[in-house]
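Remarks on the overall topology
Spelled out, the chains give:
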Amino acid sequence: MENKQSINNDEIDLREIATIIWKRKVFITLFVFVVCIVTVIVTLKMDNIYESKAVLRPTQDNANQMSSTLSSIGTLASFAGLSLGNGGSVSPYNSMSAISRDENFIYLFIKNNKFESQVVDKYEDIYNTDKYKDNPKYYIVKSFQNNFEFTEDTKTGLMTLNFKNKDRYFTKKITDALLVAISNRYKAIEMNNIQERINSYKNEIDKTNDIALKNKLSELVAGLIQNKVLSLAQEYYGFDILVNPDVSDSINNVSPRRGVICILTAFLSLLISIFCTLIFESVKNRK
């Protein structure tokens, strides 16, 4: 009987809770109203964040053809006691993604283009302090990474590069500059690799006495030189731009989502006010 009475006392009486809420409805309504008004004022003072986006397509170069040619003469080279390397290539997305995550690349890109004051907007309260002057690379890289995104659609192979900032004109400016900087860095790395392979294959040509192998390696070197010349003539290396970055409309901001913020705040304030009311009544009854 004592256990049964204890269980009955611990049960929640929904009618009693509803009565308490109705009793304190004025307080709950005023609390939610005040919180919503403050939220609206705060969100209206928040800066609009805009986005500029570019959609890229990997270019079809001679890498696959070179890899196929190299594998076809691999057996012949092994009989001659030569090593030609694997000749493999990394996808443009993986290469460009690695470049865009390189902190040294980011820091030099921002400094060389004089984007520092516009990129470091999140930390503008310490922009002119000794703390910032002692660690400029940290704040520049972190602020850039918080606003930059580079993704790949695995189904289509298309790549998307975008940057966010409160200045909608700056988002296009920095995105255009990023495409050029990443392309130039990617091109420099690949051209260096191609030149190393050309030099390596030429050395192998000098070593071997096999005429057939010499001819195959000569064709491979000629293909690499052709690939290098064609790549140097491209405006962007490794990719084509399908959708160019553009300046967003003044009303087309990606954040803050003021409507969503207000709805969530109203819901949370309602729960908090009800919770506070129940706690108050419980303490009052105990006293």
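Residues numbered from 1 in each chain as written. Predicted model: local features only at pLDDT ≥ 70, side-chain atom pairs only at ≥ 80, totals over all residues. Heavy atoms only, no water.

1. Section: the overall build of the protein
When you go through the protein residue by residue, the secondary structure sums to 13 helices and four strands. Of all 287 residues assigned to the protein, the portion counted as buried reaches 33%. Across the protein, contacts joining residues at least 24 apart in sequence account for 77% of those joining residues at least 6 apart. For the protein, the exposed area adds up to about 18,200 Å²; of that, 55% sits on carbon and sulfur atoms. (Helix = DSSP H or I, 4+ residues; strand = E, 2+ residues; numbered from the N terminus. Buried < 20%, exposed > 50% of the residue type's maximum accessible area, 1.4 Å probe, protein only. Contact = heavy atoms within 4.5 Å. Areas by Shrake-Rupley, 256 points an atom, 1.4 Å probe, with all protein chains shown as cover.)

2. Observations regarding the packing of aromatic side chains
Evaluation of the coordinates by the stated rule reveals 11 aromatic pairs. Arranged with centres 5.6 Å apart and planes meeting at 35°, the rings of Phe 144 and Phe 163 form a pair that is tilted. Of this pair, Phe 144 sits in helix α10 (residues 136-147) while Phe 163 is found in strand β3 (residues 159-165), placing the two residues 19 residues apart along the sequence. Both residues of the pair, Phe 144 and Phe 163, count as buried. Taking NZ or CZ as reference, Lys 25 lies 4.3 Å from the ring centre of Trp 22, over its face. (Phe/Tyr/Trp six-rings, centres within 6.5 Å; stacked < 30°, edge-to-face > 60°. Lys NZ or Arg CZ within 6 Å of the ring centre and 35° of its normal.)

3. Description of the confidence of the model for the protein
For the protein, the average pLDDT comes to 82, and 82% of its residues sit at 70 or higher. Overall, residues 62-66 carries pLDDT values under 50, and its contacts beyond four positions in sequence, including any with other chains, amount to six contacts. Between residues 68-82, whose pLDDT stays under 50, and residues either more than four places distant or in other chains, the model counts 24 contacts. (pLDDT = per-residue confidence, 0-100.)

4. A word on unusual backbone geometry
With an omega of 0°, the peptide bond between Ser 255 and Pro 256 qualifies as cis. The backbone phi angle of Lys 114 is positive, close to 55°, even though this residue is not glycine. Position of Lys 114 among the secondary structure elements: in the loop between α7 (103-112) and α8 (116-119).

5. Things to note about helix α13 (residues 258-286)
Its 29 residues give α13 an end-to-end C-alpha distance of 42 Å, which sits within 8% of 42 Å, the value for a rise of 1.5 Å per residue. Restricting attention to buried positions, one finds in α13 the residues Thr 265, Ser 269, Ser 273, Thr 277 and Glu 281. On the buried face of α13, the contacting elements are α2 (14-23) and α3 (25-45). (Expected span 1.5 Å × (residues − 1).)

6. Brief notes about a nonpolar patch on the surface
A contiguous nonpolar surface patch, about 610 Å² in accessible area, is contributed by Phe 33, Val 34, Ile 37, Val 38, Ile 41, Val 42 and Met 46. Along the chain, Val 42 falls in helix α3. (Patch = residues over 30% accessible without salt bridge, like charges linked within 9 Å, V, L, I, M, F, W, Y side chains within 5 Å. Salt bridge = Lys/Arg side-chain N within 4 Å of Asp/Glu carboxyl O.)

7. Topic: the packing of helix α6 (residues 92-101) against α7
Where α6 contacts α7, the axes come no closer than 5 Å and their chain directions differ by 65°. In terms of orientation, α6 lies roughly perpendicular with respect to α7. Here α6 contributes Ile 99, Ser 100 and Arg 101 to the contact with α7, which in turn contributes Glu 103, Phe 105 and Ile 106. Of the residues in the contact of α6 with α7, the class split is three nonpolar, one polar and two charged. (Axes fitted to C-alpha atoms, helices over the stretch in contact; angles between N-to-C directions. Parallel < 35°, antiparallel > 145°, perpendicular 65-115°, else oblique. Nonpolar A, V, L, I, M, F, W, Y, C, P; charged D, E, K, R; others polar.)

8. Topic: the nonpolar core
Within the largest apolar cluster, 43 residues are counted, with the highest numbers of intra-cluster contacts made by Ile 110, Phe 144 and Ile 174. Mapped onto this core, the elements with two or more residues apiece are β1 (50-58), α6, α7, α10, β2 (148-152), β3, α11 (168-207) and α12 (211-232). Top element by residues in this core is α11. It accounts for 13 residues. Aside from chain neighbours lying at most four places away, what touches Ile 174 is Phe 109, Ile 110, Phe 115, Val 119, Phe 144 and Phe 163. (Core = buried A, V, L, I, M, F, W, Y, C linked by side-chain atoms within 4.5 Å.)

9. Quick look at the sheet that holds β2
Taken in spatial order, the four strands line up as β2-β3-β1-β4 in an open sheet, and their pairing is antiparallel. The open sheet is flanked by β2 and β4 (239-243), the only strands paired with a single partner. The average undirected angle you get between the axes of adjacent strands in this sheet is 25°. Packed onto the sheet, α6 meets β1, β2, β3 and β4 and runs at close to 165° relative to β2. Sitting on the sheet, α10 is in contact with β2 and β3, with an inclination near 50° to β2. (Pairing = 2+ DSSP bridges.)

10. Points about the packing of α6 against α11
One can describe the packing of α6 onto α11 by two numbers: an axis separation of 10 Å at closest approach and a directional angle of 115°. The angle between α6 and α11 places the two elements in the roughly perpendicular class. Where α6 crosses over α11, the handedness of that crossing is right-handed. In this structure, α6 uses Pro 92, Ser 95, Met 96, Ile 99 and Ser 100 to contact α11, whose residues at the interface are Ile 182, Arg 185, Tyr 186 and Ile 189. Split into classes, the residues belonging to the contact of α6 with α11 amount to six nonpolar, two polar and one charged. (Left-handed = near helix turned anticlockwise from the far one by under 90°.)

11. Here's the deal with α6
Taking burial as the measure, the 10 residues of α6 include seven buried ones, the bulk of the element. The complete set of buried residues in α6 reads Pro 92, Tyr 93, Ser 95, Met 96, Ser 97, Ile 99 and Ser 100.

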